[in-house]
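Residues per chain are reported as follows:
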Amino acid sequence: MFDFDKLSVSKFYVAPSVERVVEFSPPNIDMQNIAKVLSLAVDAKCSSQDVYDGYAQIGGRTNFRLCYLDREGTPRGVDYNADFTVRVDGEFMADDSINCVIKVVESDVQATDSLVLSAVLEVSVCAQRREEIEALVSADQCYKTQRQIYLPTFLGAKTTSAPFDDEQDVGGEISSVLGLNVNCSVKRAEAIDGGVLAEAAIYAVVTYVEGDTIKQRDFKITVEEEVNLDGVQAGDSICVQACVKSSKIILQGVTDDNVIRVEGELQFKIQAFRCSQIDVIDDMFTLTNEVTIKRESKNYVCFDGCGFFSESVTGTAVLGDNRAPVLDVNALPYARCYTSKAYVDEDGKLVVEGIVNTDVVYTDENGYNSVRTEIPFALSISSQQPFSKTVRVCCSVESISAKPRREREIDIDMRLGIEVCGYSDVTAEYISEVEVGEEKPQNRSAMSLYIANGGDELLDLCKALTAMPEDILAQNPDLKFPLSEGDRVLFFRRIEIA
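Described below are features of the structure shown in this document. (Residues numbered from 1 in each chain as written. Predicted model: local features only at pLDDT ≥ 70, side-chain atom pairs only at ≥ 80, totals over all residues. Heavy atoms only, no water.)

**Thoughts on the overall build of the protein chain**
- A count of helices and strands for the protein chain gives two helices and 21 strands.
- The C-alpha radius of gyration computed for the protein chain amounts to 32 Å, which surpasses the reference 23 Å derived for 498 residues by more than 25%, pointing to a less compact arrangement than a globule.
- Expressed as a percentage of the 498 residues in the protein chain, the buried residues total 47%.
- A separation threshold of at least 6 residues defines the contact pool for the protein chain, and within that pool the share at least 24 residues apart is 77%.
- Here the protein chain displays about 25,100 Å² of accessible surface, and carbon together with sulfur accounts for 42% of that area. (Helix = DSSP H or I, 4+ residues; strand = E, 2+ residues; numbered from the N terminus. Rg over C-alpha atoms; globule rule 2.2 N^0.38 Å. Buried < 20%, exposed > 50% of the residue type's maximum accessible area, 1.4 Å probe, protein only. Contact = heavy atoms within 4.5 Å. Areas by Shrake-Rupley, 256 points an atom, 1.4 Å probe, with all protein chains shown as cover.)

Right under this line is the structure:
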């Protein structure tokens, strides 16, 4: 008589972010040979993630790339790695599927008696958990109404890597490479039957010395990947995160005509979700027996999908009065974007606020110098597709350039890649148990009058009059639901006399 189905649901949970300070002092450093620090580039990535009841254990690696002038005034570049672990407490369970995102919030270098490299990392972990609910989906020999509920389902996740490479003819002799800075932005994430199409753009900046001059070369490399993922169908929601797993520079060519080649491996982290519409029984009654219904209500978060945008930002770095005027800008070896706030305003536009950190290497009357600047930004973005009310945003620096404006001012132009992921809160209300009780006393009156409460539906009439809907509507064809307060409904019964 009653048919219950076990429905699979995925719960989405984001733990409070944790900050982790990483410090590293390289051994055997001759501090007398470090005359001036020009730039410090910092990246961090997750190398391991394990989940337990109540917490997640994250392992990662921080990469420090230092650019400096030695005692002879020659630009130098060195690379250092520092491993770290961090515990993220939250409502985790050991069988959750988790994903970790690490952002560099701040970085600093101290070069006095010893060299100390430091970075402040923000570690965020989200989890997906499968559970089952049992809901009434069909019923016979009774009158019932139906409703749709939305249930989020985590279809699966996959991590895959793709190589990338590009090269440029320098047209000169490179005496030393100072550093390689690589960012990436996701440009496309589309579900197809049985898999996902993912596309990302890699933005690499090589800082080097040609002759006695510091220069840089910008690379843009596009990577497209088709990834098989069982159970995915066209129209499902896809979240793709991309990070640079490894990268390196290879110098080729001949004397006085070098070629810079950038090679590396890009890692895609892909997650697939579906928010399914399920028909369940909303309410029911029988003419013959009392029925007790147990209802349940649960709240879930549905992943709506991602959008990808590219926006321009400008700013100005101002030098102190104690600095010599800028003659020329040579390179920007490092640039990172940090999002501080993201929301959807009353007009339906996405508002993103944040800060871009960058090092500007320039020349003045004393030679090479540098300045680290923080450029705040606020963007208002429109889209043909409406944004979800709840959004999470990740941004990266796709390109950046600078030029002197006045003696102590440097204009900086940037283009930011913005990935916005939308989420919706849904409530699933359903009947979880039905108990059939004793027989109802039958209404034997020839006529019943029902005075409606505002908002009454047909089912409320059926329960009050102990009558089937087709019989009520046959006698009251002009009824309009929901009923208004005080509406009167007459119902006549056929009385059989023995």
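**Some points on the sheet that holds strand S5 (residues 75–89)**
- Reading across from one edge, S3-S4-S5 is the order of the three strands in this open sheet, with antiparallel pairing throughout. Edge positions in the sheet fall to strand S3 (36–52) and S5, since each of these pairs with one other strand and no more. Going across the sheet, the axis of each strand differs from the next one's by a mean of 15°, ignoring polarity. (Pairing = 2+ DSSP bridges. Axes fitted to C-alpha atoms, helices over the stretch in contact; angles between N-to-C directions.)

**A word on the sheet that holds strand S18 (residues 390–406)**
- Here three strands make up an open sheet; going across it, the order is S14-S19-S18 and the pairing antiparallel. Of all strands in the sheet, those bounded by a partner on one side alone are strand S14 (289–318) and S18. In this sheet, neighbouring strand axes are inclined to one another by 5° on average, regardless of whether the strands run parallel or antiparallel.
- In terms of strand pairing, S14 meets strand S19 (residues 409–439) through 28 bridges, oriented antiparallel. Its bridge partner being in S19, glycine 307 is matched across the sheet by valine 420.

**A few points about the side chain of serine 185**
- In this fold, serine 185 is placed in strand S9 (residues 174–192).
- Side chain to side chain, serine 185 and glutamate 398 meet in a polar contact 3.4 Å long.
- In contact with serine 185, not counting residues within four places along its chain, are Glu199, Ala200, Ala201, Tyr203, Ser396, Glu398 and Gly417. (Polar contact = N/O pair within 3.5 Å; in protein donor to acceptor, adjacent residues only side chain to side chain.)

**Quick look at the environment of cysteine 243**
- Position of cysteine 243 relative to the elements: it lies in strand S12 (residues 237–254).
- Sequence-wise, cysteine 243 and valine 227 are 16 residues apart; in three dimensions their C-alpha atoms are separated by 16 Å.
- Here cysteine 243 is in contact with Cys184, Glu265, Leu266 and Gln267, once residues within four sequence places are set aside.

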